Amino acid sequence: MMKKTYFIFLISLFLFSCKNDKENEDFSKTDEYENMVLGIPQAQIDSIRKSEEKKQVILKKVSFDIDSANSVDLMLPISNYLKEYSFSGNVNLTDPNSTSEQNEAEVPTTISIKNNFSDGDSAELLLVGKSNNPNIYPVSDIKKFNEIEKVLLENKDALLYVDAFGRKKMYYRQYNPANSTYYLYTVEVPKYNDQKLQYAELFSVYKKAQNLLAFNKESLVENLTWEKIKPSVSDLELKNYDVYYKSLQKELKYFLKNNDSVNINKDRIQFYLYRDEDHTKNTFDQVTILANSEYSGTFYDLNFENRLHKGYFKQIYDTNDEFRFVKKISEHSILMSATRSGYSSNETNYYIISSIKTEKGQFYLISPTNKDGNDLTALMNDYFSKHLKI
Amino acid sequence: MMKSLFPILIIFFSAISCNPVGETVSEEKPLDNQLVNTVENLDLKEGDELVIWGKMDASFLKNDNVPIFELHYNLSLDGKTIDNKTVPMFAHEDKIINSTYEIQKDEEKDEEEETVNEPAENTETPTENTEEKPVKIVKSNWSFEQEIIRIPITKDGKYTLDYKAGSSDEAADSMFTKVSVILRKK
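Residues numbered from 1 in each chain as written. Chains lettered and ligands numbered in written order. Predicted model: local features only at pLDDT ≥ 70, side-chain atom pairs only at ≥ 80, totals over all residues.

J.: Explain the overall build of chain A to me, please; I cannot follow it from the model alone.
T.: For chain A, the helix and strand inventory stands at nine helices and 16 strands. Within the span of chain A, comprising 390 residues, buried residues form 31% of the whole. Considering only residue pairs separated by 6 or more positions, chain A has 56% of its internal contacts joining residues 24 or more positions apart. (Helix = DSSP H or I, 4+ residues; strand = E, 2+ residues; numbered from the N terminus. Buried ≥ 20, exposed ≤ 12 C-beta atoms within 10 Å, placed from the backbone. Contact = placed C-beta atoms within 7 Å.)

Now the structure itself:
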């Protein structure tokens, strides 16, 4: 009797464990597949989404002229800008197999939304058009016309998904009944080798999309500092900017000697960092001198020993071109303007010059900026000149 | 098409058949000519020698004139500089390994070949051309690795190597000139 029970017990145990195993296997298979599509576990994606949701936004109003009579106003993060673009994006809004032409009058305007590290002009597109149908281009159509492997977020106006090639994409639609205008935002996240960064960027553009028409949220531009803006800058941009400033930090620390300089010109970003041997020896700071004298003259007339024209400015300007102090940005940085003369129109450009004094000597960092000296580069350069990091 | 595959095959075979030069601690990394390049967490022991190798991969070289680069490097441990020097790269012909070399093929000569004295004229036949040209420019493809410097290590630790390189030779700016750095230890 005992033997028999024991035998049955063994068999059932065997069967049971066998079944269990099989169940586990199936589970791990779907789990594995899911992870493969997503790239990282769902829980990690959720926590990235939450941390992006929590980030504050700092917005500025940007106008885009469609033609001489019409323009589009948008609210964008401070580092973003708009560019004309006239091709289709990476998300199908209509049936890709359909050959029927759109009615001419209905063709929307396409605008590319960019930052300094955008993947070409087609990665982030905004289509703006007129229609009396408030439900035009519904999310259900987008689901039909695109190959979607995994939906990450879906509601009436938004669709965030991973496609069959692991690309992260977003569709976001808005409709303003007051002027019968629709805004369709399509995004494909840049293919960085880091899944976490891709998801951070995806949820960051989702937030950008939600604020596109938030005209009541404009931030005051006057008092912006890098400390205030940094928490609002996307991880992807931050990581890219950090590469540049880390490099500048090492140039200061290890490499620039005598009158050495380094010229960085990439991704629409320009830095010119140099050491001034004469100023190092004489503990002289040209930023203070230019500010105190409110200098206005030519490069040639600068009445102190300097490498301003010999270094950065000779690439663009003649020694007889105008060079003028505009304003003080901080104790370390000034805004200067330079104007090329002798051409049909005198074009004035603006530059931030920061003084960096370390135990290794007197350095200057120069970058082009806007007429107010308050673009992202200017804010970062000024911060860097004090803290040697961003 | 096959022709362009051949040098790649040679490089591949020579790369896997060769290893008397020490252990590779950091794979081939293309040089960024605007930024400081960094290799972190180099695990080195007392008695090791960190060997910096440069790799040149050049196409359409004129008379085998490899552009000379200057390498600036800084080796640090816990933020403290251990060694900081500027050394020439590709200035000598010794300590070269994994070298593959070929002269640009004949058919391409008609188009690619130039003379120092006069520009090539397409109207003339190739035979007349070669007679008239006293100084020929031979164009070649050359890829090799060269030892640049050995740095003796006197203390165990995880080191950071920062480096940058530049060249005043205009051939260095050519898109057909690719320079990388490989780190090995002995």
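Back to the write-up after that little detour.
J.: Can you help me understand the interface of chain B and chain A in this one?
T.: When the parts of a complex come together, some accessible area is lost, and that lost area is often used as the size of the interface. Listed as interface residues are nine residues of chain B and, on the opposing side, eight residues of chain A. Mapped by element, the contributors of at least two residues to the side of chain B that touches chain A are strand E4 (69–77), strand E5 (80–89) and strand E8 (157–166) of chain B. Broken down by class, the residue content of the side of chain B that touches chain A amounts to two nonpolar, five polar and two charged. (Nonpolar A, V, L, I, M, F, W, Y, C, P; charged D, E, K, R; others polar.)

J.: In this structure, what is going on with unusual backbone geometry? I would like to understand it.
T.: Residues apart from glycine generally show negative phi values, whereas peptide bonds are mostly found in trans. Residue and element names in this part refer to chain A. Even without being glycine, asparagine 258 reaches a positive phi, approximately 45°. Here asparagine 258 lies in the loop between helix H6 (235–255) and strand E10 (261–266). Notably, glutamate 294 is not glycine yet its phi reads approximately 45°, a positive angle. Its place among the elements puts glutamate 294 in the loop between helix H8 (286–292) and strand E12 (296–298). The class for glutamate 294 is exposed, based on 12 C-beta atoms found within 10 Å.

J.: Is there a simple way to think about the domain arrangement of chain A in this case?
T.: Residues and elements named next belong to chain A. Domains assigned within chain A are domain 1 (47–217) and domain 2 (226–387). Of note, the centres of domain 1 and domain 2, computed from C-alpha atoms alone, are 36 Å apart. Contacts between the two partners involve 16 residues from domain 1 and, on the opposite side, 14 residues from domain 2. No other element matches the four residues that helix H4 (residues 195–210) contributes to the side of domain 1 that touches domain 2. Residues of the side of domain 1 that touches domain 2, tallied by class, amount to nine nonpolar, five polar and two charged. (Domains from an automatic or database assignment.)

J.: Teacher, can you tell me more about the confidence of the model for chain A here?
T.: Segments scoring low in pLDDT should not have their predicted coordinates read at a detailed level. Residue and element names in this part refer to chain A. Per-residue confidence for chain A gives a mean pLDDT of 88, with 89% of residues at or over 70. Within chain A, helix H1 (residues 2–38) has the poorest average pLDDT of any element, 61, and strand E16 (residues 361–369) the best, 97. The low-confidence segment residues 18–23 (pLDDT under 50) makes zero contacts with residues lying over four places distant or belonging to another chain. (pLDDT = per-residue confidence, 0-100.)

J.: Help me understand the sheet that holds strand E14 (residues 333–340) of chain A, please; the structure alone is not making it clear to me.
T.: All names here are of chain A. Within the open sheet, the seven strands sit side by side as E10-E11-E16-E15-E14-E13-E12. Their pairing is antiparallel. On the outer flanks of this sheet lie E10 and E12, each paired with one strand and no other. Here the strands of the sheet are splayed against their neighbours by 25° on average, with no regard to which way each runs. Where E14 and strand E15 (residues 347–358) come together, eight bridges link them in antiparallel fashion. Following the sheet pairing, alanine 338 is matched in E15 by asparagine 349. Along the sheet, H6 contacts E10, strand E11 (269–275), E15 and E16; its crossing angle with E11, the most-contacted strand, is approximately 10°. Its contacts with the sheet put helix H9 (residues 376–387) on E11, E14, E15 and E16, and the angle it makes with E15 is roughly 20°. (Pairing = 2+ DSSP bridges. Axes fitted to C-alpha atoms, helices over the stretch in contact; angles between N-to-C directions.)

J.: What's the story with the packing of helix H2 (residues 42–54) of chain A against H4(A) in this structure? I'm lost.
T.: Axis angle and axis distance: for two packed helices, these are the angle between their axes and the distance between the axes, and together they describe the pair. Residues and elements named next belong to chain A. At their nearest, the axes of H2 and H4 sit 9 Å apart, and the two run at 40° to each other. Viewed along their axes, H2 and H4 adopt a mutual orientation that is oblique. For H2 against H4, the interelement crossing comes out right-handed. For the pair formed by H2 and H4, the contact residues are Ile45, Ile48, Arg49 and Glu52 on the first element and Lys196, Tyr199, Ala200, Phe203, Ser204 and Lys207 on the second. When the residues that make up the contact of H2 with H4 are grouped by side-chain class, the tally is five nonpolar, one polar and four charged. (Parallel < 35°, antiparallel > 145°, perpendicular 65-115°, else oblique. Left-handed = near helix turned anticlockwise from the far one by under 90°.)

J.: I tried to follow the nonpolar core on my own but got confused; where do I start?
T.: Among soluble globular proteins, nonpolar side chains are generally buried collectively. Residues and elements named next belong to chain A. Among the nonpolar cores identified, the biggest contains 46 residues, and Leu273, Ile334, Met336, Ile353 and Phe363 are the most heavily contacted of them. No fewer than three residues from each of domain 1 (47–217) and domain 2 (226–387) sit in this core. Look past the residues within four positions of phenylalanine 363 in its chain and what remains in contact with it is Leu252, Leu256, Leu273, Tyr274, Arg275 and Ile356. The next biggest cluster of nonpolar side chains, apart from the first, holds 32 residues, and it includes Val162, Tyr171, Tyr185 and Ala209. (Core = buried A, V, L, I, M, F, W, Y, C linked by C-beta atoms within 7 Å.)

J.: Before we go on, may I ask you to explain H9(A) in this structure?
T.: Residues separated by three or four positions in an α-helix point in the same direction, a consequence of the helix having 3.6 residues per turn. Residues and elements named next belong to chain A. With twelve residues, H9 should reach 16 Å at 1.5 Å per residue; the first-to-last C-alpha distance of 16 Å fits that figure. Within H9 the residues assigned to the buried category are Leu376, Thr377, Ala378, Leu379, Met380, Asn381, Asp382, Tyr383, Phe384 and Ser385. Contact partners of the buried residues in H9: helix H5 (226–229), H6, E11, E14, E15 and E16. Of the residues flanking the end of H9, it is leucine 388, one or two places downstream, whose phi is positive at about 60°. (Expected span 1.5 Å × (residues − 1).)

J.: Could you clarify how one ought to interpret the sheet that holds strand E7 (residues 139–152) of chain B in this entry?
T.: Note: strands within a sheet are paired through backbone hydrogen bonds, in either parallel or antiparallel orientation. Residue and element names in this part refer to chain B. Sheet architecture is open: five strands sit in the order E1-E9-E3-E7-E6, paired in antiparallel fashion. Among the strands making up the open sheet, the edge pair consists of strand E1 (23–30) and strand E6 (96–103). Each adjacent strand pair in this sheet contributes to an overall mean axis angle of 15°, direction not counted. The pairing of E6 with E7 spans six bridges and is antiparallel. Directly across from threonine 100, in E7, lies its bridge partner serine 143.

J.: I'm lost on the environment of A:Lys389 in this one. Help?
T.: Residue and element names in this part refer to chain A. You can see lysine 389 is positioned in the segment after H9. Lysine 389 sits 145 residues away from tyrosine 244 along the chain, and the two C-alpha atoms are 9.9 Å apart. Lysine 389 has contacts with Tyr245, Gln249 and Phe384, leaving out every residue within four places of it along the chain.

J.: For this particular structure, what's the right way to read the packing of H4(A) against H6(A)?
T.: All names here are of chain A. Look at H4 against H6: their axes get within 8 Å of each other, and the N-to-C directions meet at 125°. With respect to H6, the axis of H4 lies oblique. Residues Leu197, Ala200 and Glu201 of H4 lie in contact with H6, whose contacting residues are Asp235, Leu236 and Lys239. Looking at the contact of H4 with H6 residue by residue, the classes come out as three nonpolar, no polar and three charged.

J.: What exactly am I supposed to notice about the environment of A:Ala378 here?
T.: Residues and elements named next belong to chain A. Secondary-structure assignment places alanine 378 in helix H9. Since 24 C-beta atoms lie within 10 Å of it, alanine 378 is described here as buried. In this structure the C-alpha to C-alpha distance between alanine 378 and proline 138, which are 240 residues apart in sequence, comes to 41 Å. Not counting residues within four places of it along the chain, the set of residues in contact with alanine 378 comprises Ile329, Ile352, Thr369 and Gly373.

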